[in-house]
Amino acid sequence: MAGRSLSGDASGELAEHVSTYTWRLHEGWFGGFSGLELSADGSRMVALSDRGTFVTGDVRRNADTIVSIDNLEPYRVLNTAGKFPAKAGLRDSEGLVLQKDGKLIVSFEGNHRLNKFAAPGAKANQMPWPKELNQMKLNGGFEALAINNQGDIFAIPEQPLGSKDTAQVYALKKGTWTTAFTLPREKQFQPVGADFGPDGRLYLLERGFNGLGFRIRVRSFTIDKNTVGDEKLLLRKGVGAHDNLEGLAVWRDDQNRIRLTMISDDNFRLVQRTEIVEYMIP
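Below is a short write-up of the structure. Since the structure is predicted, the reported quantities are computational estimates derived from the model, not experimental observations.

Definitions and cut-offs
Residues numbered from 1 in each chain as written. Predicted model: local features only at pLDDT ≥ 70, side-chain atom pairs only at ≥ 80, totals over all residues. Heavy atoms only, no water. Helix = DSSP H or I, 4+ residues; strand = E, 2+ residues; numbered from the N terminus. Rg over C-alpha atoms; globule rule 2.2 N^0.38 Å. Buried < 20%, exposed > 50% of the residue type's maximum accessible area, 1.4 Å probe, protein only. Contact = heavy atoms within 4.5 Å. Areas by Shrake-Rupley, 256 points an atom, 1.4 Å probe, with all protein chains shown as cover. Lys, Arg positive; Asp, Glu negative; His and termini not counted. Charge placed at Lys NZ, Arg CZ, Asp CG, Glu CD. Core = buried A, V, L, I, M, F, W, Y, C linked by side-chain atoms within 4.5 Å. 1 Å grid on protein atoms, 1.4 Å probe; cavity = no way out; pocket = protein on both sides within 12 Å on 5 of 7 lines; lining within 4 Å. Points joined across faces, edges and corners; volume = space filled by probe spheres on them. Nonpolar A, V, L, I, M, F, W, Y, C, P; charged D, E, K, R; others polar.

A look at the overall build of the chain
Helix and strand content of the chain: 0 helices and 20 strands. For 282 residues, the compact-globule estimate of 2.2 N^0.38 gives 19 Å, and the C-alpha radius of gyration of the chain, at 17 Å, lies within 12% of that figure. The dimensions of the chain, computed from C-alpha atoms along their principal axes, are 45 × 45 × 40 Å. A buried classification covers 54% of the 282 residues belonging to the chain. Partitioning the intrachain contacts of the chain with sequence separation of at least 6 by distance along the chain shows that 50% fall at a separation of at least 24. When the accessible surface of the chain is totalled, it reaches about 12600 Å², and 47% of it is carbon and sulfur. Seen as two clouds, the 36 positive and the 35 negative side-chain charges of the chain have centres 5 Å apart.

Structure below.
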């Protein structure tokens, strides 16, 4: 079942930069963060590394500025047998969503699949996966995952399937996958993070790399069943503004402002850094 698509350009940059926190930790598992979820008040974090690690912690702020990440607990992302996969290609965990009941859903690249976890450190449970989704490129699968208030999961491949001018959005509803709708895309941006905000809008983080550094863009959309509309450009930053932002969490602060919190994947390289970046929409 195909949904409706959105065409046209968004205009106007709405989000304002709040803070950038460079997160450093000398642990072998630290780095490569590609997924992020926050509690409703932004104080509790679950991050996901693309080498198979969940990390939970408390986000400490002084007024609007992040000053530390405390009470850290790392957990390995286990397979359905309760084991940590020996092969790196089987633990390329990329997208992350947090259900209302506290269960976590993770998308994997390479061996494309979707797994559910009762909690960080629990064994995986395989979720429905149609063969058609195996056509995604090896390093171009579901990185952007989001879940709405009804518990429906929306997933967007990093690399386009079909037209290079559109991003196909897939939906998993009550155990059945559908092609929900498409979003307009530019070839220099890849969808890498998504979240439904407390306002019900779908927020999409996109990243581009030109060999020298990373550019980012965040847009938001209204979703009515399988119809998408009201595209808004919230921010667009060129090379050098931020590192490789891949994870996105959207929440509302105590001043009723929508916050965009993003985390970067440093690819476990010394020349890169793990950043937690926050913007707000007045």
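Text resumes after the structure shown.
Here's the deal with the nonpolar core
Ranked by internal contacts, the top residues of the largest apolar core, which has 17 residues, are Y203, L205, L235, L260 and M262. Elements that contribute at least two residues to this core include exactly β15 (202-209), β16 (214-224), β17 (227-237), β18 (245-252), β19 (258-264) and β20 (274-281). Aside from chain neighbours lying at most four places away, what touches L260 is A15, Y203, V218, L234, L235, L248, A249, V250, V277, E278, Y279 and I281.

Considerations on the environment of L183
Within the secondary structure layout, L183 lies in strand β13 (residues 176-184). The exposure class of L183 is buried, given its relative accessible area of 0%. On a C-alpha basis, the gap between L183 and Q168 in space is 6.6 Å, while along the polypeptide they are 15 residues apart. Once residues lying within four places of it in the same chain are set aside, the contact partners of L183 are I156, D165, T166, A167, V169, L204, F221 and V228.

Re the layout of surface pockets
In this model, the largest pocket occupies a volume close to 740 Å³. I147, N148, N149, F196 and G197 are, among the 28 residues lining the largest pocket, the residues nearest its centre. Listing elements by their share of the lining of the largest pocket, those giving two or more residues are β2 (33-38), β14 (190-196), β16 and β18. For the lining of the largest pocket, the element with the most residues is β18, which contributes 4 residues. For the lining of the largest pocket, the per-class residue count stands at 11 nonpolar, 9 polar and 8 charged. Lining the second largest pocket are 22 residues, and of these D50, N139, E246, D265 and N267 sit closest to its centre. Residue assignment for the lining of the second largest pocket shows that the elements contributing at least two residues are β15 and β16. Take the lining of the second largest pocket: its biggest share by element is 3 residues, from β15.

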